[in-house]
Amino acid sequence: MKKTWDRHRQLHLYIDGASRGNPGDSAIGLIIKTPDGLILKKKGIFIGETTNNVAEYMALLHGICESLRYKPSSLIIYSDSKLLVNQMRGIYKVRDDKLIPLYKKAIKLLEKFSAFDILYIGREENREADRIANRTLDERSLKRL
């Protein structure tokens, strides 16, 4: 029997940004899952030349937007970027002029959920989102050859 997902339930979003150079060619990876592990979406996007921190925020923004399409009631976000997680949780201030508008946009988008949380996870636990971002960069490099 095919698994179905109740759209009123929670979603889990795994995100990662990758840069080759800082700044350098950058891409994002995201995975959206149901609480029982059903993968609803895997996506990688080349985002151009930017810093790793901007790439992390772009992964967050794209991931939130993709998650909203499923109309869940709540969202739990997982990232291996301590900076991003601590800024979004209000532990660190956002001081970088490039990150401030991205942070503000993320906060505004997250207001659309009845509840959300953002959690730091180690790189090992975020391996698949990292793989998607890096594969997107690899494919971009191959296209240039």
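Source: prediction; values computed, not measured.

1. A short note on the environment of Pro-72
With respect to the helices and strands, the residue Pro-72 is situated in the loop between helix 1 (52-68) and strand 4 (74-79). With relative accessibility at 11%, the residue Pro-72 sits in the buried group.

2. Quick word on the sheet that holds strand 1 (residues 10-21)
Each strand in a sheet pairs with its neighbour through backbone hydrogen bonds, running either in the same direction (parallel) or in the opposite one (antiparallel). As summarised here, the arrangement of the 5 strands in space is 3-2-1-4-5, forming an open sheet in which the pairing is mixed. In this open sheet, the two strands that pair with only one neighbour each are strand 3 (39-50) and strand 5 (115-120). Ignoring which end each strand starts from, the neighbouring axes of this sheet average 20° apart. Here 10 bridges tie strand 2 (residues 24-33) to strand 3, and the two strands are oriented antiparallel to one another. Counted as the bridge partner of Ile-28 is Ile-45 from strand 3. Across the sheet, helix 1 is in contact with strand 1, strand 2, strand 3, strand 4 and strand 5; its angle to strand 1 comes to roughly 150°.

3. Considerations on unusual backbone geometry
Here the bond from Asn-22 into Pro-23 is cis, since omega is 15°, no more than 30 degrees from zero. Mapped onto the fold, Pro-23 is located in the loop between strand 1 and strand 2. At Lys-71, a position not held by glycine, the phi torsion is positive, near 50°.

4. Description of the pattern of salt bridges
Counting across every chain of the model gives 10 salt bridges. For the salt bridge of Glu-66 with Lys-41, the shortest nitrogen-to-oxygen distance reads 3.6 Å. Pair noted here: Glu-66 is in helix 1 and Lys-41 is in strand 3, with a separation of 25 residues, a long-range link. By relative accessible area, which is 5% here, Glu-66 ends up buried. Note that Glu-128 is salt-bridged to Lys-42, the shortest N-O span being 3.3 Å. Of the two residues, Glu-128 is situated in helix 4 (residues 127-144) and Lys-42 in strand 3; the sequence distance between them amounts to 86 residues. Judged by relative accessible area, Glu-128 falls into the partly exposed class, the value being 25%. A single salt-bridge network, built from bridges that share partners, covers Lys-41, Lys-43, Glu-66 and Arg-69.

5. What about the nonpolar core?
One finds Ile-15, Tyr-57, Leu-60, Ile-64, Leu-75, Ile-77 and Met-88 to be the most contacted residues of the largest nonpolar core, which totals 26 residues. When contributions to this core are tallied by element, the ones reaching two or more residues are strand 1, strand 2, helix 1, strand 4, helix 2 (82-88) and helix 3 (100-110). If near-sequence neighbours (up to four positions away) are discounted, Ile-64 is found in contact with Leu-13, Leu-75, Ile-77, Ala-106, Leu-109, Leu-110 and Phe-113. Tyr-14, Tyr-78, Ile-121 and Ala-129 belong to the second-largest nonpolar core, a separate cluster that totals 7 residues.

6. With respect to the packing of aromatic side chains
Overall, the coordinates contain 1 aromatic pair when judged by the stated rule. Across from the ring centre of Tyr-14, 5.1 Å away, lies the NZ or CZ of Lys-33, which sits over that ring. Note that Arg-140 overlies the ring of Phe-46, its terminal NZ or CZ placed 4.1 Å from the centroid.

7. Here we look at the packing of helix 1 against helix 3
Between helix 1 and helix 3, the shortest axis-to-axis distance is 10 Å and the interhelical angle comes to 20°. Classified by the angle their axes make, helix 1 and helix 3 are roughly parallel. The two elements helix 1 and helix 3 cross, and the hand of that crossing is left-handed. Residues Val-54, Tyr-57, Met-58, Leu-60, Leu-61, Ile-64, Cys-65 and Leu-68 of helix 1 form the contact with helix 3, whose participating residues are Leu-102, Tyr-103, Lys-105, Ala-106, Leu-109 and Leu-110. Here the contact of helix 1 with helix 3 is built from residues that sort into 13 nonpolar, no polar and 1 charged.

Thresholds applied
Per chain, the residues get numbers from 1 upward, laid out in the order the sequence is written. A pLDDT threshold of at least 70 governs which residues receive local features in this predicted model, and a stricter bar of 80 or more applies before side-chain atom pairs are shown or counted, although totals over entire chains, interfaces and linings include all residues. Here the side-chain values reflect all heavy atoms present in the structure, with hydrogen atoms and water set aside. Only runs of H or I of at least four residues qualify as helices and only runs of E of at least two qualify as strands under DSSP, and these elements are numbered from the N terminus. Burial classes: relative accessible area under 20% of the type maximum marks a residue as buried, over 50% as exposed, and values in between as partly exposed (1.4 Å probe, protein chains only). Pairing between strands is defined by DSSP: at least two bridges between the two strands are required. Here an angle of 0 to 180 degrees is reported between the N-to-C directions of two axes, which are lines fitted to C-alpha atoms, with helices fitted over the stretch in contact. Should any heavy atoms of two residues lie within 4.5 Å, those residues are considered in contact. A pair is scored as a salt bridge if a Lys or Arg side-chain nitrogen falls within 4 Å of a carboxyl oxygen belonging to Asp or Glu. We call a set of buried residues a nonpolar core when its members are Ala, Val, Leu, Ile, Met, Phe, Trp, Tyr or Cys and they connect through side-chain atoms within 4.5 Å of each other. Ring geometry is summarised as follows: Phe, Tyr and Trp rings, the Trp one being its six-membered ring, pair when their centres sit within 6.5 Å, and such pairs are stacked at plane angles under 30 degrees, edge-to-face over 60 and tilted between the two. Only Lys NZ and Arg CZ are tested; either one counts as a charge over a ring when it is within 6 Å of the ring centre and within 35 degrees of the ring normal. Throughout, the term roughly parallel applies to angles under 35 degrees, roughly antiparallel to angles over 145, roughly perpendicular to angles from 65 to 115, and oblique to all others. In a left-handed crossing the near helix is turned counterclockwise from the far helix by less than a right angle, and in a right-handed crossing that turn is clockwise. Ten residue types, Ala, Val, Leu, Ile, Met, Phe, Trp, Tyr, Cys and Pro, are classed as nonpolar, four, Asp, Glu, Lys and Arg, as charged, and the remainder, Gly among them, as polar.

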